[in-house]
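Residues per chain are reported as follows:
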Amino acid sequence: MRAAVFHGKNDIRIDEVPDPKIEEPTDAIVRITHTAVCGSDLWFYRGLQDYPAGSRTGHEPMGVVEEVGDEVRHVQKGDFVLAPFAISDGTCEFCRAGVHTSCTHGGFWAGITDGAQGEAVRAPHADGTLVRIPEQVRDNDPLLDALFPLNDVMGTGHHAAVCAAVEPGSTVLVIGDGAVGLCGVLAAQRLGAERIIAAGHHADRLEKARAFGATDVVDTSSEDAVEEILEMTRGGARHVLECVGATSSMQQAIQLVRPGGHIGYVGVPHGPAKSGLDIISLFFKNASFRGGPAPVRAYMKELMDDVLEGTLDPSPVFDMTVDLDGVPEGYRAMDQREALKVMVKL
Ligand SMILES: [Zn+2]
């Protein structure tokens, strides 16, 4: 079969690779219909993260089950399924506690198994990992497009909002205008926030944030952005969603959280953000700082219900669609910021 393979910095190619096979009785083989290029893929694409040449890529699979191992019970051949970016068995201590990204037997696509940017994947722990999509949605393209982002960016935006303890009537600051930040705006609105301030430095994306429910937008490339937000919120927001992971955005979150408030952080910390944060400010503000890789699997059902009811539609985060051969172009377009997020339809 064919799949995207990383060959080196700025070099993704569609290569012939071995067909996936059932290796464990808990595996399933899924033929991919939808996948995507993620902002986090750009770290290795740009050579900013160690990634061995020859590695498969992609971690957002959706498609049709082609084959299941002998011990798989919850999905069967022909089922249409969505899978979170993390693989989980659904039964260990951490899965039962809702922290599926820490699953004892889990791991990531393009890590412990195939990458999702290809014609098919071997899905380990199929009963825990795969979520069935109702049969009646199968031919409804707009609904499928709306469900698809639950496997990564929408689940992650929601996790940021949950970690920031967003509640009805609250004032929320969302830092970052990438796909996760935009989904954070949507999630904050869904949880009943009254005022949502979206902060980022791309005018077009901030416009999209408004369409997603932001009541105010702030261009953070301006020197006065922090002052401006402090003024707007009269001393900081009670709920801050940090959706970037850069040192500067983490630091802004700490500066802009209100005493007694909550920061939900879901941007993978990169560079100096791994250390050197201003913990002393957090200390004196009595602010909470909670986050991590989103246990998307734990949120799948509640978010799916809303999409199926028509009250949640994150699909506008995608502004470019390619086929498998277009994956290298999708990376290039995202790297050049010509596209916000690229969907891949096979
Ligand atoms: Zn587990």
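What comes next is a walk through the structure.

The rules we used
Residues numbered from 1 in each chain as written. Predicted model: local features only at pLDDT ≥ 70, side-chain atom pairs only at ≥ 80, totals over all residues. Heavy atoms only, no water. Phe/Tyr/Trp six-rings, centres within 6.5 Å; stacked < 30°, edge-to-face > 60°. Helix = DSSP H or I, 4+ residues; strand = E, 2+ residues; numbered from the N terminus. Buried < 20%, exposed > 50% of the residue type's maximum accessible area, 1.4 Å probe, protein only. Pairing = 2+ DSSP bridges. Axes fitted to C-alpha atoms, helices over the stretch in contact; angles between N-to-C directions. Contact = heavy atoms within 4.5 Å. Polar contact = N/O pair within 3.5 Å; in protein donor to acceptor, adjacent residues only side chain to side chain. Core = buried A, V, L, I, M, F, W, Y, C linked by side-chain atoms within 4.5 Å. Donors = N, O, S within 2.8 Å, 3.2 Å for Na, K, Ca; no water. Tetrahedral: all angles 85-135°; square planar, octahedral: opposite > 155°, others 65-115°.

With that settled, the discussion passes to the packing of aromatic side chains. We describe a pair of aromatic rings using the distance from one ring centre to the other and the angle between the two ring planes. Overall, the coordinates contain nine aromatic pairs when judged by the stated rule. Pairing Y45 with Y331 gives two aromatic rings, centres 5.2 Å apart and planes at 35°, and the pair type is tilted. Highlighted residues: Y45 in helix 1 (residues 41-45) and Y331 in helix 12 (residues 327-335), separated in sequence by 286 residues. Note on accessibility: Y45 and Y331 belong to one class, buried. Ring geometry for F148 and F318: centres 5.7 Å apart, planes at 45°, overall tilted. Here F148 is found in the loop between helix 4 (141-147) and helix 5 (153-163), whereas its partner F318 is found in the loop between helix 11 (296-309) and strand 16 (320-322), with 170 residues between them in sequence. No difference in accessibility class separates F148 from F318, as the two residues are buried. Chaining the aromatic ring pairs together yields one cluster made of F6, F44, Y45, Y51 and Y331.

Counting buried positions over the 11 residues of helix 5 gives 10, a clear majority of the element. V153, M154, G155, T156, G157, H158, H159, A160, A161 and C163 are the residues of helix 5 that are buried. Just downstream of helix 5, A165 is the residue with a positive phi angle, here 55°.

A few words now on the sheet that holds strand 15 (residues 288-291). Strand order in the open sheet formed by six strands is 12-11-10-13-14-15, with parallel pairing between adjacent strands. Where the open sheet ends on each side, the last strands, each with one partner, are strand 12 (216-219) and strand 15. Going across the sheet, the axis of each strand differs from the next one's by a mean of 20°, ignoring polarity. One ladder, built from four bridges, connects strand 14 (residues 257-265) with strand 15; its direction is parallel. The partner of H262 across the bridge, within strand 15, is S288.

Moving on to the environment of R210. Relative to the elements of secondary structure, R210 occurs in helix 7 (residues 203-211). Along the backbone, R210 and I197 are 13 residues apart, and their C-alpha atoms lie at a distance of 9.2 Å. Contact partners of R210, with chain neighbours within four places excluded, come to T215, D216 and V217.

By the element assignment, T129 lies in helix 3 (residues 126-129). Within the local environment of T129, its side chain forms a polar contact with the backbone oxygen of S88, the two atoms lying 3.1 Å apart. Discounting residues that sit within four places of it in the chain, T129 has contacts with L82, A83, P84, A86, I87, S88, W109, P124 and R297.

The next thing to look at is the nonpolar core. With 52 residues, the main nonpolar core has L82, I133, L150, V166, V185, L241 and V317 as its most contacted residues. Listed by contribution, the elements that provide at least two residues to this core are strand 5 (80-82), helix 4, helix 5, strand 10 (171-175), helix 6 (179-190), strand 11 (195-200), helix 7 and helix 11. With eight residues, helix 6 is the single largest residue contributor to this core. I197, A199, A237 and I254 belong to the second largest nonpolar core, which has 20 residues in total.

A separate point is helix 12. Burial in helix 12 covers these residues: V327, G330, Y331, A333, M334 and D335. In the core, the buried residues of helix 12 are packed alongside strand 1 (2-8), strand 2 (11-16), strand 3 (28-37), helix 1, strand 16 and strand 17 (342-345).

Protein coordination at the zinc ion: the donors are D89 (OD), C92 (SG), C95 (SG) and C103 (SG), at 2.1 to 2.3 Å from the metal. Viewed at the metal, the four donor atoms of the zinc ion are separated by angles of 93 to 123°, and the geometry they form is tetrahedral. When the donor residues of the zinc ion are listed from N- to C-terminus, their spacing reads D-x2-C-x2-C-x7-C. Judged by its relative accessible area of 5%, C95 falls in the buried class.

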